[in-house]
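# Examination of the molecular architecture
Below are the chains, spelled out letter by letter.
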Amino acid sequence: MAAPVEQTHASGLASVKHVLLVLSGKGGVGKSTVSTQVALALRQAGKKVGLLDIDLCGPSIPKMLNLESHEVHQCPEGWVPVYVDKEQRLGVMSIGFLLNNRDDAVVWRGPKKNAMIKQFINDVFWQDVDYLVIDTPPGTSDEHITVMEALKEYKPDGAILVTTPQAVAVGDVRRELTFCKKTGLKILGIIENMSGYVCPHCSECNNIFSKGGGEGLAQHASVPFLGCIPFDPQLTQSLEEGKSFVDLFPQSQTLEVIRTIIEQL
Ligand code: ADP
């Protein structure tokens, strides 16, 4: 584990214009995928973007962006994010960059995790970022309460809730909705991920599971429905290879869906 920042003059998120949190009721529904694709799409739309991975026990963003071999460095202002591009339009911060070995597990009790999250919010040197996308752990745990406390002065814009079409995942999202209401976090909208299967041969989308749970829930809770992202093998491929989906499959329909989603934020 890299040494903690000793002296910092960072103003935390003071130079960040918008803060978006990505939440899901349970793991494996595509929260990190959505965080990564939203960040990439915002960058493609000309924004300067930060992607903060506070899923301490399951940091997957470094792998998704092929940044696993990178380390975080310190400057007098704090931790310098790892940049995806030379132009420094997408910077990433994750506990994955601080582990000595990428297979190391973070086995920490609550207070240590909470201290790390506070450092991630306060001690990263984000430079004039338009959007900071925060990928949170699944569920509504201590970590979420800590994030909300640490973010209080920065007034986050709100949360994007990710679910899959199956009812059980949707049930978990109900608890996320309650969490947002209790903590005063605005719900920007719900995304139904892995909603239908896009055939790699004919590009037709078939519904394997039920469809519409996310939209129904959004209507029920009177919050916006942002869209359905299909289960897309090309998206899996780009994530597995750590290559940008935008670069690999610029004509993808899924990419269009993601673009439509960010236009609503
Ligand atoms: P979470 O962050 O909720 O635990 P991930 O984003 O890590 O979930 O996604 C879990 C797995 O599902 C990953 O292997 C990812 O590549 C895959 N995945 C997520 N969304 C899609 C999608 N729309 N199409 C294809 N694969 C997806």
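Residues numbered from 1 in each chain as written. Predicted model: local features only at pLDDT ≥ 70, side-chain atom pairs only at ≥ 80, totals over all residues.

### Quick notes on the UniProt feature "binding site: [4Fe-4S] cluster" (unreviewed entry) in the chain
Here, the residues flagged by UniProt with the feature "binding site: [4Fe-4S] cluster" (unreviewed entry) are Cys199 and Cys202. On the neighbour-count criterion, Cys199 (11 C-beta atoms within 10 Å) is exposed. With respect to the helices, strands and loops of the structure, Cys202 is situated in the loop between strand S9 (187-198) and strand S10 (205-206). Residue Cys202 is classed as exposed on the basis of its C-beta count, with 7 C-beta atoms lying within 10 Å. (UniProt positions renumbered as here; feature names shortened; annotations may be inferred. Buried ≥ 20, exposed ≤ 12 C-beta atoms within 10 Å, placed from the backbone. Helix = DSSP H or I, 4+ residues; strand = E, 2+ residues; numbered from the N terminus.)

### Digging into the site of the ligand
Around the ligand, the structure places 17 residues, and the nearest of them are Gly30, Lys31, Ser32, Thr33 and Thr236. Sorting the residues of the shell around the ligand by element identifies helix H1 (31-44), S9, strand S11 (225-231) and helix H7 (233-241) as the ones contributing at least two each. Each residue belonging to the shell around the ligand can be placed in one class, and the counts come to six nonpolar, nine polar and two charged. (Near = placed C-beta within 6 Å. Nonpolar A, V, L, I, M, F, W, Y, C, P; charged D, E, K, R; others polar.)

### Describing helix H9 (residues 253-263)
Listed in full, the buried residues belonging to H9 are Thr254, Leu255, Ile258 and Ile261. The buried residues of H9 occupy an angular sector of 115° when the element is viewed end-on, so they sit on one face. Residues of H9 that are exposed and angled more than 90 degrees away from the buried face: Glu256, Thr260 and Glu263. On the buried face of H9, the contacting elements are H1, S9, S11, H7 and helix H8 (245-248). (Arc of directions from axis to C-beta. Contact = placed C-beta atoms within 7 Å.)

### Comments concerning the UniProt feature "binding site: ATP" (unreviewed entry) in the chain
As recorded in UniProt, the feature "binding site: ATP" (unreviewed entry) lies at Gly25, Lys26, Gly27, Gly28, Val29, Gly30, Lys31 and Ser32. Looking at the secondary structure, you find Gly30 in the loop between strand S1 (16-24) and H1. In contact with Gly30, not counting residues within four places along its chain, are Val162, Asn193 and Met194. Within the secondary structure, Ser32 is located in helix H1. What makes Ser32 buried here is the crowd of 27 C-beta atoms within 10 Å.

### Observations regarding the packing of helix H3 (residues 110-122) against helix H4 (residues 142-151)
Running from amino to carboxyl end, H3 crosses H4 at an angle of 35°, the nearest separation of the two axes being 9 Å. Here the hand of the crossing between H3 and H4 comes out right-handed. Here Gly110, Lys113, Asn114, Ile117, Lys118, Ile121 and Asn122 of H3 lie close against H4, whose contacting residues are Asp142, Glu143, Thr146, Val147, Ala150 and Leu151. (Axes fitted to C-alpha atoms, helices over the stretch in contact; angles between N-to-C directions. Left-handed = near helix turned anticlockwise from the far one by under 90°.)

### Remarks on unusual backbone geometry
Even without being a glycine, Asp128 presents a positive backbone phi close to 50°. Within the secondary structure, Asp128 is located in the loop between H3 and strand S7 (129-135). The backbone of Lys155 shows a phi angle near 50°, a positive value even though the residue is not glycine. Structurally, Lys155 is set in the loop between H4 and strand S8 (158-163). Looking at Lys155, the number of C-beta atoms within 10 Å reads 11, which means it is exposed.

### A closer look at the environment of Thr146
With respect to the helices, strands and loops of the structure, Thr146 is situated in helix H4. On the neighbour-count criterion, Thr146 (20 C-beta atoms within 10 Å) is buried. Distance in space between the C-alpha atoms of Thr146 and Asn114 is 6.0 Å, their sequence separation being 32 residues.

### Some thoughts on the packing of H1 against H9
It is the contact of H1 with H9, at a shortest axis distance of 9 Å, that shows an interaxial angle of 80°. The orientation of H1 with respect to H9, classified from their angle, is roughly perpendicular. Mapping the contact onto sequence places Gln37, Val38, Ala41 and Leu42 in H1 and Ile258, Arg259, Ile261 and Ile262 in H9. Looking at the contact of H1 with H9, its residues break down into six nonpolar, one polar and one charged. (Parallel < 35°, antiparallel > 145°, perpendicular 65-115°, else oblique.)

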